[in-house]
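Observations on the model geometry
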Amino acid sequence: MRKIAIGAIASGSLALSVLATPTASAATPDFTFSKVVVNGGKAIVVGISNTVKVPVTYTLTHPADVVLDNKTKAAGILLYRGSLARSENVVGNDEAPTCTVTGSTATMVTESCEETILVDPYFLFEAADATTWHAAGYYGRTDSDNDDSDGHVSLNYADDMWGPLASAQIKRAAKLTVNAGPEPVVKGRTLTVTGSLTRATWYSYKDATYTGYTSQPVALQFKAKGATAYKTVKTITSGTSGTLKTTVTASVDGTYRYSFAGTTTTGSATATGDYVDVK
């Protein structure tokens, strides 16, 4: 497992990097992060290829003499798994948040902020990442000298983090398929409905795929021709490799689909319906 911590302010933004060198010690700044809301309070469902954009809103209060230019000084929100001091994984955002000043005194400034954390499947390493994560506020600054034209560089960083400020659930995306047959079918005959339930596997970016999700309750639903809503016909359990199979008696034209409510680690899914013509 790769241990990650907040690192340097680089290329004009605060970057996440592998913890390689100690940070410089500094007095704890007077920063307060409050009213942190991650993804509107909803679970963050991640597949195997697309980066998920996670909106975050919060209130930030900091000293009036601290100018957050996102180059030498930056602040924002990150998500971490594990403890604040020994995180198992961290995701954050390199872009500056958008903040509006809502109050100020001679010494302190209060701002209403929003930003977007990018959750890329590439940075989700294992099934253990499908769990509850926590939000932390960070403040990073540097007076580093990266110009080596004089034969000298100075890498001087300092970071502070506060948390947990809020919780966020990261889940593995699920997929469902359905196929009802034979088609067309004679009224009163047996109709077989098959399908599969799979979910994202993040073991590595190159090998990421969807694998079968076994022993899960999945609802078979039916919507008669002309109806506006589906009704649950029965609930079955996914088998080996997430396979689904059951039978029903054909009665009227309509559409069959499978629906999965999701679990604490896996998002919900609904198959695209399969229409059956009953003769």
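Right, let's walk through the structure included here. (Residues numbered from 1 in each chain as written. Predicted model: local features only at pLDDT ≥ 70, side-chain atom pairs only at ≥ 80, totals over all residues. Heavy atoms only, no water.)

Turning our eyes to something else, we now look at the nonpolar core. Grouped together as the largest cluster of nonpolar side chains are 28 residues, with contacts concentrated most on Val38, Ile44 and Val119. Of all elements in the fold, only β3 (32–38), β4 (44–46), β5 (52–63), β6 (73–82), β9 (108–119), β10 (132–142) and β11 (157–172) reach the threshold of two or more residues within this core. Per-element accounting of this core gives the leading share, four residues, to β5. Leaving out residues up to four positions away in the same chain, isoleucine 44 has contacts with Val38, Asn39, Val52, Val54, Leu79, Val119, Ala168, Gln169, Ile170 and Lys171. Listed in part, the 23 residues of the second largest apolar core include Val185, Tyr213, Leu220 and Phe222. (Core = buried A, V, L, I, M, F, W, Y, C linked by side-chain atoms within 4.5 Å. Buried < 20%, exposed > 50% of the residue type's maximum accessible area, 1.4 Å probe, protein only. Helix = DSSP H or I, 4+ residues; strand = E, 2+ residues; numbered from the N terminus. Contact = heavy atoms within 4.5 Å.)

If you walk across this open sheet you meet the four strands as β3-β5-β9-β8, and the pairing is antiparallel. Each edge of the sheet is formed by a strand with only one pairing partner; in this case those strands are β3 and β8 (98–104). Pairs of neighbouring strands in the sheet enclose a mean axial angle of 20°, with direction left out of account. (Pairing = 2+ DSSP bridges. Axes fitted to C-alpha atoms, helices over the stretch in contact; angles between N-to-C directions.)

The next point concerns the state of the cysteines. Per the counting criterion, the structure on display carries one disulfide. Here cysteine 99 is linked by a disulfide to cysteine 113, with a sulfur-sulfur distance of 2.1 Å. Taking the torsion about the S-S bond as the criterion, the cysteine 99 to cysteine 113 disulfide, at about 115°, is right-handed. Of this pair, cysteine 99 sits in strand β8 while cysteine 113 is found in strand β9, placing the two residues 14 residues apart along the sequence. When its relative accessible area of 3% is taken as the criterion, cysteine 113 is described as buried. (Disulfide = S-S within 2.5 Å.)

This next bit is on the environment of histidine 62. With respect to the helices and strands, the residue histidine 62 is situated in strand β5. Owing to a relative accessible area of 4%, histidine 62 belongs among the buried residues under this scheme. It is 4.7 Å that separates the C-alpha atoms of histidine 62 and phenylalanine 31, two residues lying 31 residues apart in sequence. Leave out the neighbours within four places in its chain, and histidine 62 touches Asp30, Phe31, Leu68, Thr107, Met108, Val109 and Glu111. Engagement of the side chain of histidine 62 in a polar contact is seen with the side chain of glutamate 111, the distance being 2.9 Å. (Polar contact = N/O pair within 3.5 Å; in protein donor to acceptor, adjacent residues only side chain to side chain.)

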